[in-house]
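# Notes for the structure review
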Amino acid sequence: MKNILKFLAIFSLVIILAGCTSKTEEKVVKCTLNQNNAAYGYELSSEYNIYTDGKIVNKVETTEVVTSDNQEILDYLENYNNKLYTNMNDAYGGYEFSSTNENNMLTAVTKIDYKKLDSKKLAEDQPSMKNYMNDDYVLTLDGIKLIYEQMGATCE
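In this report, we go over the structure that sits alongside the text.

Cut-offs and rules
Residues numbered from 1 in each chain as written. Predicted model: local features only at pLDDT ≥ 70, side-chain atom pairs only at ≥ 80, totals over all residues. Heavy atoms only, no water. Helix = DSSP H or I, 4+ residues; strand = E, 2+ residues; numbered from the N terminus. Polar contact = N/O pair within 3.5 Å; in protein donor to acceptor, adjacent residues only side chain to side chain. Contact = heavy atoms within 4.5 Å. Disulfide = S-S within 2.5 Å. Core = buried A, V, L, I, M, F, W, Y, C linked by side-chain atoms within 4.5 Å. Buried < 20%, exposed > 50% of the residue type's maximum accessible area, 1.4 Å probe, protein only.

## Description of the side chain of Ser68
On the secondary structure map, Ser68 appears in the loop between strand 3 (57–67) and helix 2 (71–92). Reaching out from Ser68, the side chain makes a polar contact with the backbone nitrogen of Asn70 at a distance of 2.9 Å. In this structure Ser68 touches Gly41, Tyr42, Ile73, Leu74 and Asn104, once residues within four positions along its chain are discounted.

## What to know about the state of the cysteines
Within the structure shown, the criterion is met by one disulfide. Here Cys31 connects covalently by a disulfide to Cys155, the sulfurs 2.0 Å from one another. Classification of the bridge connecting Cys31 and Cys155 rests on its S-S torsion, roughly 110 degrees, and on that basis the disulfide is right-handed. Within this pair, whereas Cys31 is found in strand 1 (residues 27–37), its partner Cys155 is found in strand 6 (residues 154–155), the two being separated by 124 residues in sequence.

## Considering the nonpolar core
Core analysis: the biggest nonpolar cluster contains 35 residues, and Ile50, Ile144 and Tyr148 have the highest contact counts within it. When residues of this core are traced back to their parent elements, those giving at least two are strand 1, strand 2 (42–52), strand 3, helix 2, strand 5 (105–113), helix 3 (119–125) and helix 4 (141–151). A total of seven residues in this core trace back to one element, the largest contributor, which is helix 2. Those residues in contact with Ile50, other than ones at most four positions away along the chain, are Lys27, Val28, Val29, Cys31, Val57, Lys59, Val60, Leu141, Ile144, Lys145 and Tyr148.

Okay, here's the thing in structure tokens:
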């Protein structure tokens, strides 16, 4: 369970990233992550769609699918995510999330609107986040890609 908590802590850090919008044309950068955690009996497949003007992040939409024959693991991850995203939305705003947990599969969909998220408060509460933001507390595309790649994801 420690590895699950470690992964979820890293994932939650990624999810709480902040940015703002620009009036230039928006494009989508896709990152993917696939992990097989045989020790805990689950597989994870994640897709992160980063909406950007090419320099800053406007929003991120993630879809994560965890498959396992162990319903306790799926229930644990679902409860953890629900608490995490509720707390993050209460503290910083900008989160929409939902999940389904059926047929040995947990599917979590999260949308973060960085135009609504209080990124300055986030950086104050999580000082390491400033490393991925510009001087105006706006999450950069290079910053979020670096975080995802450090987790093992592959980005376009």
